[in-house]
Amino acid sequence: MSNLSGAVETAPVSSLHRSGSVSPDDFPVPGGREEEWRFTPLNRLRGLHKDAELGSSGVTVEVEAAPEVEVERIDLSERERLIPNGAPFLPVDRVSARAFAAATEATVISVPKEAVASAPTYVRVTGTSAPGEAGPGEAGTVATAGHLIIDVQPYGRATVVIDQRGSATYADNVEIHVADGGDLTVVALADWAGDTVQVVHHVATLGRDAHLAHYAVTLGGSLVRLSPVVRYAGPGGDAELYGITFADAGQHLEARLFVDHDTPNCRSRVRYKGALSGSGARTVWIGDVLIRPEATGTDSYEYNRNLILTDEAHADSVPNLEILTGEIVGAGHASANGRLEDEHLFYLQSRGIPFDEARRLVIQGFFGELIDKIGVPDVRERIAGAIEGELS
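The structure presented is a predicted model; accordingly, all values stated were derived computationally and were not measured.

About the thresholds
- Residues numbered from 1 in each chain as written.
- Predicted model: local features only at pLDDT ≥ 70, side-chain atom pairs only at ≥ 80, totals over all residues.
- Heavy atoms only, no water.
- Helix = DSSP H or I, 4+ residues; strand = E, 2+ residues; numbered from the N terminus.
- Buried < 20%, exposed > 50% of the residue type's maximum accessible area, 1.4 Å probe, protein only.
- Contact = heavy atoms within 4.5 Å.
- Areas by Shrake-Rupley, 256 points an atom, 1.4 Å probe, with all protein chains shown as cover.
- Expected span 1.5 Å × (residues − 1).
- Arc of directions from axis to C-beta.
- Core = buried A, V, L, I, M, F, W, Y, C linked by side-chain atoms within 4.5 Å.
- Pairing = 2+ DSSP bridges.
- Axes fitted to C-alpha atoms, helices over the stretch in contact; angles between N-to-C directions.
- Polar contact = N/O pair within 3.5 Å; in protein donor to acceptor, adjacent residues only side chain to side chain.
- Salt bridge = Lys/Arg side-chain N within 4 Å of Asp/Glu carboxyl O.
- Phe/Tyr/Trp six-rings, centres within 6.5 Å; stacked < 30°, edge-to-face > 60°.
- Lys NZ or Arg CZ within 6 Å of the ring centre and 35° of its normal.

Caption draft 1: Up close: the overall build of the chain. Within the chain, the secondary structure is distributed over 6 helices and 19 strands. Taken across its 392 residues, the chain has 53% of its residues classed as buried. Contacts spanning at least 24 positions in sequence make up 86% of the contacts within the chain whose residues lie at least 6 apart. Carbon and sulfur atoms make up 48% of the accessible area of the chain, which amounts to about 16,400 Å² in all.

So, in structure tokens, the structure goes:
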């Protein structure tokens with residue numbers, strides 16, 4: 001009998017999350033059968049996955065920074081000067097690589113060493129171009145590439161809100177670096193107009209005893225595909241990834257996460273919730289967690305919950321957990337798709353609350369746990385108001 005224990009303990013079974021490349025040519029044009037693309041309707045990407053021209057004029061980026069936070073715009077060739085100890089940015093799919101190659105500059109938000117931001121920093125991302133009359137990927141569609149860097153230096157603390165609105169075809173990358181002892185909250189709010197297509201990657205690296213709270217709130221857009229990635233550069237790193245999604249008729253909202261535990265004694269928590277209503281409403285959640293052999297002492301858990309409010313809506317939920325060491329604190333995953341519980345509605349109706357109001361209260365309570373965690377009052381109120389508008 002052959003001994004496979006060495007291979008199992010040292011090599012992940014999944015080959016999805018490779019090291020990556022900055023060259024788009026290293027990634028074949030996806031055809032739709034690849035595991036990483038099989039849920040995405042490629043015909044709606046307007047050629048972002050192929051060779052659609054990427055420029056810089058269709059989206060504006062303005063920053064309202066806290067007094068303690070520094071903001072600059074740099075040529076991407078200066079990236080290593082800015083973050084000399086940061087890991088190189090390596091796209092892991094064709095759209096990310098194309099965006100990295102096409103972006104002419106990056107917006108950089110820096111939190112100095114030991115600085116504590118006294119207010120949130122707002123990154124206003126506004127799409128200024130509607131899709132043209134032509135078909136997907138053809139002339140007439142204005143596509144834009146973008147790059148944002150958030151760099152928290154040792155023991156810095158800050159909150160950054162990425163507020164995305166307007167109409168765009170947008171491929172962008174967001175780099176997040178939290179150095180030793182740093183603490184960062186990121187709220188990425190995708191409140192796009194209904195004709196927007198966005199493919200975005202958020203890649204976070206956490207230093208020793210660093211903490212990241214990442215909120216992905218996706219409400220608008222025709223097709224939005226978000227790929228958050230977390231890696232650790234020192235023990236004690238703590239990542240909390242939260243997601244709120246509400247898809248209505250015709251929307252495709254996709255989140256594809258990867259948490260790479262390759263460092264001892266780190267922690268991750270993933271909590272995503274979605275609701276779907278209307279013909280053709282579609283959500284996709286893929287949660288990949290890899291605990292490598294060297295990541296002893298890991299503490300990880302992820303879950304996804306979806307409320308399907310109408311018969312024509314569809315949710316895909318796929319948690320994947322691969323553990324290559326037995327010396328962990330804990331690891332688990334769960335997902336569930338379902339409808340409103342009749343018992344909850346009956347309980348409220350039995351106390352004189354009309355059905356429509358009872359339904360609204362149950363759905364608001366479903367999201368309330370995550371909304372209440374967001375420490376920015378105006379953003380919290382805006383999200384709650386947007387969900388209320390969806391229910392109305």
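So much for the structure itself; the text now carries on.
Caption draft 2: Quick look at helix 6 (residues 377-391). Helix length check: helix 6 (15 residues) gives 21 Å between terminal C-alpha atoms against 21 Å at 1.5 Å per residue, within 8%. What helix 6 keeps buried is the set Val-379, Ile-383, Ile-387 and Leu-391. Viewed end-on, helix 6 has its buried residues packed into an arc of 120 degrees, placing them on one side of the element.

Caption draft 3: Here's a closer look at the environment of Ala-168. Mapped onto the secondary structure, Ala-168 falls in the loop between strand 7 (157-167) and strand 8 (169-178). The class of Ala-168 is buried, set by a relative accessible area of 0%. Considered as a pair, Ala-168 and Trp-192 are 24 residues apart in the sequence and their alpha carbons are 8.2 Å apart. Those residues in contact with Ala-168, other than ones at most four positions away along the chain, are Arg-46, Val-59, Gly-127, Ser-129, Trp-192, Asp-195, Thr-196 and Val-197.

Caption draft 4: Spotlight on unusual backbone geometry. The residue Tyr-155 is not glycine, and still its phi comes out positive at about 65 degrees. Looking at the element boundaries, Tyr-155 is found in the loop between strand 6 (143-152) and strand 7. Of note, Asn-265 is a non-glycine position whose phi angle comes to about 60 degrees, a positive value. Here Asn-265 shows up in the loop between strand 14 (252-261) and strand 15 (267-276).

Caption draft 5: Representation of the nonpolar core in the model. If you look at the biggest cluster of nonpolar residues, it comprises 53 residues, and the most contacted ones within it are Ile-176, Leu-184, Leu-206, Val-230 and Tyr-272. Ignoring sequence-local partners within four residues, the contact set of Tyr-272 consists of Ala-216, Pro-228, Leu-241, Tyr-242, Gly-243, Ala-255, Leu-257, Trp-285, Tyr-303, Asn-304 and Arg-305. Core analysis: the second largest hydrophobic core is formed by 26 residues, Leu-48, Ala-103, Ala-106 and Val-229 among them.

Caption draft 6: Just the sheet that holds strand 15, in detail. The strand order across the open sheet formed by 9 strands is 2-5-7-9-11-13-15-17-19, and the pairing between neighbours is mixed. Only two strands of the sheet have a single partner each, and these edge strands are strand 2 (59-64) and strand 19 (330-338). The average undirected angle you get between the axes of adjacent strands in this sheet is 10 degrees. Here strand 13 (residues 238-247) runs beside strand 15; their pairing, made up of 10 bridges, is parallel. If you follow Leu-241 over to strand 15, its bridge partner there is Val-270. Lying over the sheet, helix 6 contacts strand 5 (121-128), strand 7, strand 9 (183-190), strand 11 (211-218) and strand 13, oriented at roughly 30 degrees with respect to strand 13.

Caption draft 7: The arrangement of helix 3 (residues 94-102) in detail. In terms of residue burial, helix 3 counts as a mostly covered element, since 7 of its 9 residues are buried. All of the buried residues along helix 3 are Arg-94, Val-95, Ser-96, Ala-97, Arg-98, Ala-99 and Phe-100. For helix 3, the secondary structure elements touched by its buried residues are strand 1 (54-55), strand 6, strand 8 and strand 10 (197-206). A distance of 3.1 Å separates the backbone nitrogen of Val-95 from a side-chain oxygen at the start of helix 3, and that oxygen is part of Asp-93.

Caption draft 8: View of the pattern of salt bridges. As enumerated under the stated definition, the model contains 18 salt bridges in all. Between Arg-267 and Asp-238 there is a salt bridge, and its shortest N-O distance comes to 2.8 Å. With Arg-267 in strand 15 and Asp-238 in strand 13, this residue pair connects regions lying 29 residues apart in the sequence. Among the charged side chains, a network of salt bridges with common partners joins Glu-64, Arg-124, Asp-163, Arg-165, Asp-191 and Arg-382.

Caption draft 9: Quick look at the packing of aromatic side chains. Across all of its chains, the model carries 5 aromatic pairs by this definition. Judged by centre distance (4.9 Å) and plane angle (20 degrees), the rings of Tyr-215 and Tyr-242 are stacked. Of this pair, Tyr-215 sits in strand 11 while Tyr-242 sits in strand 13; the two residues are 27 residues apart in sequence, bridging distant segments of the chain. Residue classification places Tyr-215 among the buried residues on the basis of a relative accessible area of 6%. Where Phe-246 meets Phe-367, the ring centres are 6.4 Å apart and the plane angle is 35 degrees; that geometry is what we call tilted. Separated by 121 residues along the polypeptide, Phe-246 in strand 13 and Phe-367 in helix 5 (residues 355-371) bring together distant segments of the chain. Taking relative accessible area as the criterion, Phe-367 reaches 0% and is therefore assigned buried. A network of ring pairs unites the aromatic residues Phe-246, Phe-366 and Phe-367 as a single cluster. Taking NZ or CZ as reference, Arg-225 lies 3.9 Å from the ring centre of Trp-37, over its face. The positively charged end of Lys-273 is found above the aromatic ring belonging to Phe-366, 4.8 Å away from the centroid.

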